[in-house]
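Structural overview for review
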There are 6 protein chains.
Amino acid sequence: MSRIDGRAADQLRPVTIERGWSKHAEGSVLVSFGDTRVLCTASVTEGVPRWRRGGGEGWVTSEYAMLPRATNTRGDRESVRGKIGGRTHEISRLIGRSLRAVIDFKALGENTVVLDCDVLQADGGTRTAAITGAFVALADAVAWGQRQKLIRPRAQPLTGAVSAVSVGIIDGVPMLDLAYEEDVRAETDMNVVCTGDGNFVEVQGTAEGKPFARAELDALLDLAVAGCARLDEAQRAALAGG
Amino acid sequence: MSRIDGRAADQLRPVTIERGWSKHAEGSVLVSFGDTRVLCTASVTEGVPRWRRGGGEGWVTSEYAMLPRATNTRGDRESVRGKIGGRTHEISRLIGRSLRAVIDFKALGENTVVLDCDVLQADGGTRTAAITGAFVALADAVAWGQRQKLIRPRAQPLTGAVSAVSVGIIDGVPMLDLAYEEDVRAETDMNVVCTGDGNFVEVQGTAEGKPFARAELDALLDLAVAGCARLDEAQRAALAGG
Amino acid sequence: MSRIDGRAADQLRPVTIERGWSKHAEGSVLVSFGDTRVLCTASVTEGVPRWRRGGGEGWVTSEYAMLPRATNTRGDRESVRGKIGGRTHEISRLIGRSLRAVIDFKALGENTVVLDCDVLQADGGTRTAAITGAFVALADAVAWGQRQKLIRPRAQPLTGAVSAVSVGIIDGVPMLDLAYEEDVRAETDMNVVCTGDGNFVEVQGTAEGKPFARAELDALLDLAVAGCARLDEAQRAALAGG
Amino acid sequence: MSRIDGRAADQLRPVTIERGWSKHAEGSVLVSFGDTRVLCTASVTEGVPRWRRGGGEGWVTSEYAMLPRATNTRGDRESVRGKIGGRTHEISRLIGRSLRAVIDFKALGENTVVLDCDVLQADGGTRTAAITGAFVALADAVAWGQRQKLIRPRAQPLTGAVSAVSVGIIDGVPMLDLAYEEDVRAETDMNVVCTGDGNFVEVQGTAEGKPFARAELDALLDLAVAGCARLDEAQRAALAGG
Amino acid sequence: MSRIDGRAADQLRPVTIERGWSKHAEGSVLVSFGDTRVLCTASVTEGVPRWRRGGGEGWVTSEYAMLPRATNTRGDRESVRGKIGGRTHEISRLIGRSLRAVIDFKALGENTVVLDCDVLQADGGTRTAAITGAFVALADAVAWGQRQKLIRPRAQPLTGAVSAVSVGIIDGVPMLDLAYEEDVRAETDMNVVCTGDGNFVEVQGTAEGKPFARAELDALLDLAVAGCARLDEAQRAALAGG
Amino acid sequence: MSRIDGRAADQLRPVTIERGWSKHAEGSVLVSFGDTRVLCTASVTEGVPRWRRGGGEGWVTSEYAMLPRATNTRGDRESVRGKIGGRTHEISRLIGRSLRAVIDFKALGENTVVLDCDVLQADGGTRTAAITGAFVALADAVAWGQRQKLIRPRAQPLTGAVSAVSVGIIDGVPMLDLAYEEDVRAETDMNVVCTGDGNFVEVQGTAEGKPFARAELDALLDLAVAGCARLDEAQRAALAGG
């Protein structure tokens, strides 16, 4: 049973994590999972939103978007339509929650980091690539904040690493890191966000076709945990390469 | 280890499903999970959205909202703010996907059913109550459509039942059907949507505090599957009572 | 000349006023005029809008809305359309003005009460039911504010009671409290808001068909004043029953 | 008891009705009630909105707005704020209803007339001046439509005339056609729309301060009917002068 | 080669500048370039926008809009559509920049002047008429501010005068101050904003049909500079006439 | 007089034009002018907007936007703010007009090309880089349309080439292709769009500081024409390299 691109069922697409892509941002990463390319920039500002002030804790949030022609047919700009769609909202919230899961807000101090994840080219797995890349941009931004003395030098705002991958069942076979064409055909589609030590931050599984059984769920989780472990390595390698 | 309201960890709150609540809608249910009360109405119209026309298949969608004072402090109306928030979008989409998982669109014919789920009072679990109530409203709407000959009399648009429940880990203990105060304290929070025969339609788990391990995930899934089985009985009882 | 439901021309539909409907709001009333059902909640907050600060005077305002399937055919949500329609604006403003007519803002102190009137089921007279129910919710909210010491215990923020009813001319006959089918057929349609002592707070008459003469206007006002007197009794009974 | 500008209590401000103000519109009137100046243009188009097609009946609607500095202090543009306020909606709807009361839609044929009423300078009574001026613009537009053969030459789309005036009680004295400063001080404020033969199209009375008694309402109606009779004369004179 | 209205190629349409058109605004001008009529009002307020506070410098900005029936066919209101179009934005920004070019912000002090330019009737050249009229309204507003002691009496906030005119090439002939019908036919269309001493504030030339050569550009600039000189005279005459 | 980056006054920054950047779009170019990087994608669809149908002519339009962290400090997303700013509108319109100047709409046939220009990193001259890159993407899209037989094979929809550059006066010296820091300091700022044969499509000059004289305008135009000639060469080289 071979896949469109010849991969094995439990194989990731080629992953690249290019740091320092932008000259302006405090952290910036161009991440690719195969043909999916997402530009993740981290912007650090002193202070936190009004509702969070005064407690000495920082904040991390994210905004996800797609360029209109990131996809096979052009989509309308959300700015032109004057409102953000449900899918965009959902993914922005997912990325923010995932990153906050590995942040010690006290250690971050009253600083805010905004992760912008803009999909330049989409081929499935844009949200998982975004989380994986945004973590690296966040790590660079935190390091910048420490060099700038915004964050205390010995503080450890990052309590771990976080990465994400999609898994799905196609023609009855659980597969890792679905490309767009595979995603469309999947009966069950799941996005899993793991910490570097293999625990779960988020598990989102959806029956696209028929409902799935516990055994299928278990097989998908196994695949995803293994995939995240390899993404964690790629993140470490990228951060070591700086 | 007892809960705020004295329940056991694996016990649902009292569930009521009141059919025929509205005189106008083709299906209408006032569902309550403890103090959470959601009005679910099903509106049937002939025809489908433009992008779905001509294939002989129907459509089912949902819109979720909260009254401004459904909660402990008043929230702004989304109509007044002029835009729908991310949480609302996310839940509306979840309800729609969950119901579509048990629909045979060919059997439904080119008809559309819109499920409006309006939270009149919120005390945790509004999305799971909404899914559970909306399924009953949908069943009534389908029956109405068959009486009206919009849907072929022998068609079986419903391929099964669907219900949903929240589970979470509080002070290390997995618990079923969280009330609002419990939800706030939960380290991990999961919403699970099951079919009547115990398979999964949707699994959404989030680490609110620290990441969770596979064993915790397994315990939560066990609780949720058992909870959905009891909700399935409550739905059957309500539908039998018509 | 009998009416659809057998009422006399000068007879109200059955009126119910159920207090304490919601566990969260400072005042909450489910009011029904026949099949019209409106949930009115009063939310009290310390402080007033910026433009009113510093004068020691409170504020009372209202927002009216309809659930999408409150009516015979489903209406689009105003939150989804991204803007509030003219009719909604108009009724929200009417309810707010009506309640402010019986408020002593000095006695209320710098507190704000927001009355949310959400129509759960519509069958004509939704705005008049909303005003009638909102007054009772407001009275409960003021009493709550006094128990909480937000409002001075001996202050009398309510200078009177207020209720409202619709009247109209159908086939030449003036009638009280129109149900939806009657409203559609009315040549002239009037909403009248009265104080408990029988004076006018608001008179809004519209020729739907042909313009109306002074004598017709007089007959409608007589009917409405008598109708409001009976609604005033119903409000007193409800408030006494607390 | 003399008024700010020396008028008697039952006296209108100077009224001017200047037809043909714009070279583009099918009907255009610059109407002034004292310092209140409103530009009313009537735009005729063949066809009617979708919901009204096929019945052979026309449509008349209106949009009211104020220039930002029509008032004493500058107001934000509704286009800049991105939404229309409740007051604007309410007045646009009132003008539309008032004009439709004197239209025979069958005689108008499937044509639409839009009346734009833009307040260039405001000094109280902008909605009543708008209705009074818009009627004249509408009459010119109908005549244009007949000359262009859009409307059958012998049809009589106008079943009468319509004009409007404000009345109010100031220091206990009923007064006609309030200027802005009077309007602010009025305890009761009423807008009355009459046909040329003295019947009512719309009566909107509001207690701004204390509730008003039936005798006060009667006195205000008497004043308003007499005021509208004089406005009717001014409209006739303007139309005769064409 | 004569023009539609018999003018010479280098001749302006009749220009009128009527000051004091509104009783409310600190400066107000009804300007006409032929049949184009724009109402320009200047509103002065103490203080500046937040981003400009504390530097002792004032601010001048502008908003341009068209009444819906200013044009030959009715346009939708931007307030109704809920957003401002690109053309409106572009012209508002142009007017603001043009006026700021002749303002000494230090001399103005921390005061803001908003110029509202509302096109009552359009026949080409609305933006140039708006700039020309707005300058006169601004001069009146500055004089008002000095009489009110908002602006220091000896300060000279105006460093010069500013006016604007359109030029274009029609059938190969460069022409001044295009009316709408000419504008539609122009191959090249240019708006030029000059100071009273003949320097450039803004030059915006666009090839509507075929690209234009340097010699054509030069001829257009010559025409425009001469036209602005005559507009400068008209402005001086109007301001002298106060 | 040397510049920040050591360039001569009449020297462009390094220009790169990378074709085929995206696998989905019919034409796609990553263009850079120094550190300014813009992704230009061309999307071809059969058919034209409603207002243009039936004449056998095509349409070309453009949308410009900036990623939130393309700039030195993060800007809010226009999709989140719910409206498009004036600057964005203005530049989108400029790009569209510039490209339409070299299109033969008859030869294009009833097809639409949308050029999306998204600024990934900004350092001055984003609109001129966008025009220069978008032309190359448009050329690739036209070639694609001809290979697909959407456009007649012998048709020549492109009547020429178009490129753009900024010029400005800094400390009295006219300079070509301003970087952001230079742009901020410029007294006069001009964007010039030229065809490949050196004629003008658009000339937009603005006095940021003091008004500019004719001689300065002439010097700037000379610089710009020379700069566009070099950009035209870069475009040719890129298109030849395909």
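Residues numbered from 1 in each chain as written. Chains lettered and ligands numbered in written order. Predicted model: local features only at pLDDT ≥ 70, side-chain atom pairs only at ≥ 80, totals over all residues. Heavy atoms only, no water.

Brief notes about the overall build of chain A
Across its full length, chain A holds six helices and nine strands. Relative to the globule expectation of 18 Å for 242 residues, the C-alpha radius of gyration of chain A, 18 Å, shows essentially globular dimensions. Here chain A, with 242 residues, has 60% of them falling under the buried criterion. With an accessible surface of roughly 9,200 Å², chain A has 48% of that area assigned to carbon and sulfur atoms. (Helix = DSSP H or I, 4+ residues; strand = E, 2+ residues; numbered from the N terminus. Rg over C-alpha atoms; globule rule 2.2 N^0.38 Å. Buried < 20%, exposed > 50% of the residue type's maximum accessible area, 1.4 Å probe, protein only. Areas by Shrake-Rupley, 256 points an atom, 1.4 Å probe, with all protein chains shown as cover.)

Some words on the packing of helix α4 (residues 126-147) of chain B against helix α6 (residues 214-240) of chain B
Each pair of packed helices can be described by the angle between their axes along with the distance between the axes. Residue and element names in this part refer to chain B. Packing of α4 against α6 brings their axes to within 10 Å, and their N-to-C directions diverge by 30°. The crossing of α4 and α6 is right-handed. Where α4 abuts α6, its residues Thr-132, Phe-135, Val-136, Ala-139 and Asp-140 lie against Leu-231, Gln-235 and Leu-239. Taken together, the residues of the contact of α4 with α6 sort by class into five nonpolar, two polar and one charged. (Axes fitted to C-alpha atoms, helices over the stretch in contact; angles between N-to-C directions. Left-handed = near helix turned anticlockwise from the far one by under 90°. Contact = heavy atoms within 4.5 Å. Nonpolar A, V, L, I, M, F, W, Y, C, P; charged D, E, K, R; others polar.)

Overview of the UniProt feature "binding site: phosphate" (unreviewed entry) in chain A
All names here are of chain A. UniProt annotation of "binding site: phosphate" (unreviewed entry) refers to Arg-87, Gly-125, Thr-126 and Arg-127 when read in the numbering used here. Separation in sequence by 41 residues is not matched in space for these annotated residues, since their most distant C-alpha atoms are only 13.5 Å apart. Within the element layout of this structure, Thr-126 appears in helix α4 (residues 126-147). Given the relative accessible area of 5%, Thr-126 is considered buried. Residues in contact with Thr-126, not counting those within four places in the same chain, are Thr-36, Val-38, Tyr-64, Met-66, Arg-87 and Val-119. By the element assignment, Arg-127 lies in helix α4. Judged by relative accessible area, Arg-127 falls into the buried class, the value being 17%. Ignoring any residue separated from it by four or fewer positions in sequence, one finds Arg-127 in contact with Arg-87, Glu-90, Ile-91, Leu-94, Asn-191 and Gln-204. (UniProt positions renumbered as here; feature names shortened; annotations may be inferred.)

Brief notes about the relation of the copies chain A and chain F
Taken as rigid bodies, chain A and chain F are interconverted by a rotation of 180° and an axial shift of 0.0 Å, the fit giving an RMSD of 0.0 Å. One copy is carried onto the other by what is essentially a two-fold rotation axis. Of the C-alpha atoms belonging to chain A, the one lying closest to the rotation axis is found on Ser79(A), 1.8 Å away. Of the residues that chain A buries at the interface, 100% are likewise interface residues in chain F, meaning the two copies contact each other through the same surface. (Least-squares fit on C-alpha atoms with pLDDT ≥ 70 in both.)

A look at the interface of chain E and chain D
Opposite the 35 residues of chain E that make contact, chain D presents 35 residues. Buried surface at the junction of chain E and chain D, both sides included, amounts to about 3,000 Å², of which 49% is carbon and sulfur. Applying the counting criterion to the chain E and chain D interface returns 16 salt bridges. At the boundary of chain E with chain D, the tally comes to 26 residue pairs in polar contact (both at pLDDT 80 or more). Of all the secondary-structure elements, those providing two or more residues to the side of chain E that touches chain D are β3 (36-46), β4 (59-66), α1 (78-81) and β5 (111-121) of chain E. Of the residues forming the side of chain E that touches chain D, the biggest block, six residues, is contributed by β5(E). In terms of residue class, the side of chain E that touches chain D is made up of 14 nonpolar, nine polar and 12 charged. (Buried area = accessible area lost by both parts, 1.4 Å probe. Salt bridge = Lys/Arg side-chain N within 4 Å of Asp/Glu carboxyl O. Polar contact = N/O pair within 3.5 Å; in protein donor to acceptor, adjacent residues only side chain to side chain.)

Here we look at the sheet that holds strand β1 (residues 15-19) of chain F
What holds strands together in a sheet is hydrogen bonding between their backbones, with the strands either parallel or antiparallel. Residue and element names in this part refer to chain F. Reading across the sheet, the five strands line up as β1-β2-β3-β5-β4 and stay open at both edges, with mixed pairing between neighbours. Two strands close off the open sheet at either side, each with one partner strand: β1 and β4 (59-66). Neighbour to neighbour, the strand axes of the sheet diverge by 15° on average, direction disregarded. As paired strands, β1 and strand β2 (residues 27-33) are joined by five bridges and run antiparallel to one another. Of the residues in β2, the one forming a bridge with Ile-17 is Val-31. Across the sheet, helix α2 (residues 86-100) is in contact with β4 and β5 (111-121); its angle to β4 comes to roughly 145°. (Pairing = 2+ DSSP bridges.)

Section: the environment of Ile131(D)
Residues and elements named next belong to chain D. Note on placement: Ile-131 falls in helix α4 (residues 126-147). Along the primary structure Ile-131 and Leu-150 are separated by 19 residues, whereas in three dimensions their C-alpha atoms are 24 Å apart. Not counting residues up to four positions away in its chain, the partners in contact with Ile-131 are Leu-94, Ile-95, Ser-98, Leu-99, Val-162, Ser-163, Ala-164 and Val-193.

A look at the side chain of Thr188(D)
Residues and elements named next belong to chain D. Locating Thr-188 in the fold gives a position in strand β8 (residues 188-195). Judged by its relative accessible area of 2%, Thr-188 is buried. With residues up to four places along the chain from it excluded, the contact list for Thr-188 reads Val-167, Gly-168, Ile-169, Thr-206, Ala-207, Glu-208, Lys-210, Phe-212 and Leu-220.

Digging into the UniProt feature "domain: Exoribonuclease phosphorolytic" (unreviewed entry) in chain A
Residues and elements named next belong to chain A. UniProt's feature table lists "domain: Exoribonuclease phosphorolytic" (unreviewed entry) at residues 11-141 and 161-226, given in the numbering used throughout. In residues 11-141, the share of helix is 30% and the share of strand is 32%. The end C-alpha atoms are 30 Å apart. Within the segment residues 161-226, helix and strand shares are 29% and 44% respectively, and the terminal C-alpha atoms sit 15 Å apart.

Observations regarding the interface of chain A and chain F
In this assembly, 35 residues from chain A lie in contact with 35 residues from chain F. Three residues, Trp21(A), His24(A) and Arg69(A), lead the burial of chain A against chain F; their summed loss comes to 24% of the area buried on that side. Counting across the interface, chain A meets chain F through 16 salt bridges. Taking the shortest distance from any N to any O, the salt bridge between Asp123(F) and Lys23(A) comes out at 3.6 Å. Remark: the boundary between chain A and chain F carries 26 residue pairs in polar contact (both at pLDDT 80 or more). If one sorts the elements of the side of chain A that touches chain F by residue count, strand β5 (residues 111-121) of chain A sits on top with six residues. In terms of residue class, the side of chain A that touches chain F is built from 14 nonpolar, nine polar and 12 charged.

Thoughts on the sheet that holds strand β5 (residues 111-121) of chain D
Residues and elements named next belong to chain D. In spatial order, the strands read β1-β2-β3-β5-β4; together these five strands make up an open sheet with mixed pairing. Edge strands, defined here as strands with exactly one partner in the open sheet, are β1 (15-19) and β4 (59-66). This sheet shows a mean twist of 15° between the axes of neighbouring strands, independent of strand direction. Bridge analysis of strand β2 (residues 27-33) against strand β3 (residues 36-46) gives seven bridges, and the strand direction is antiparallel. By the bridge assignment, Ser-32 is partnered in β3 with Arg-37. Its contacts with the sheet place α4 against β1, β2, β3, β4 and β5, and it is angled at close to 35° to β3.

Focus: the packing of aromatic side chains
Considering all chains together, one arrives at 18 aromatic pairs over all chains under this definition. A ring pair is formed by Trp51(F) and Trp59(F), whose centres lie 4.9 Å apart and whose planes are at 85°; its orientation type is edge-to-face. Residue Trp59(F) is classed as buried on the basis of its relative accessible area of 16%. Pairwise contacts between aromatic rings join Trp51(A), Trp59(A) and Phe105(A) into one cluster. Of note, Arg52(A) hangs over the ring of Phe105(A), and the distance from its end group to the ring centre comes to 4.6 Å. Taking NZ or CZ as reference, Arg37(E) lies 4.1 Å from the ring centre of Trp21(D), over its face. (Phe/Tyr/Trp six-rings, centres within 6.5 Å; stacked < 30°, edge-to-face > 60°. Lys NZ or Arg CZ within 6 Å of the ring centre and 35° of its normal.)

Some points on a positive patch on the surface
On the surface, Arg50(A), Arg53(A), Arg50(C), Arg53(C), Arg50(E) and Arg53(E) cluster together into a patch of positive charge. Turning to its location among the elements, Arg53(C) is positioned in the loop between β3 (36-46) and β4 (59-66). Take Arg53(C): its relative accessible area is 52%, and that puts it in the exposed class. (Patch = residues over 30% accessible without salt bridge, like charges linked within 9 Å, V, L, I, M, F, W, Y side chains within 5 Å. Lys, Arg positive; Asp, Glu negative; His and termini not counted. Charge placed at Lys NZ, Arg CZ, Asp CG, Glu CD.)

Focus: unusual backbone geometry
Positioned with a positive phi, Lys149(A) is a non-glycine residue whose angle comes to about 65°. Residue classification places Lys149(A) among the exposed positions, given a relative accessible area of 66%.

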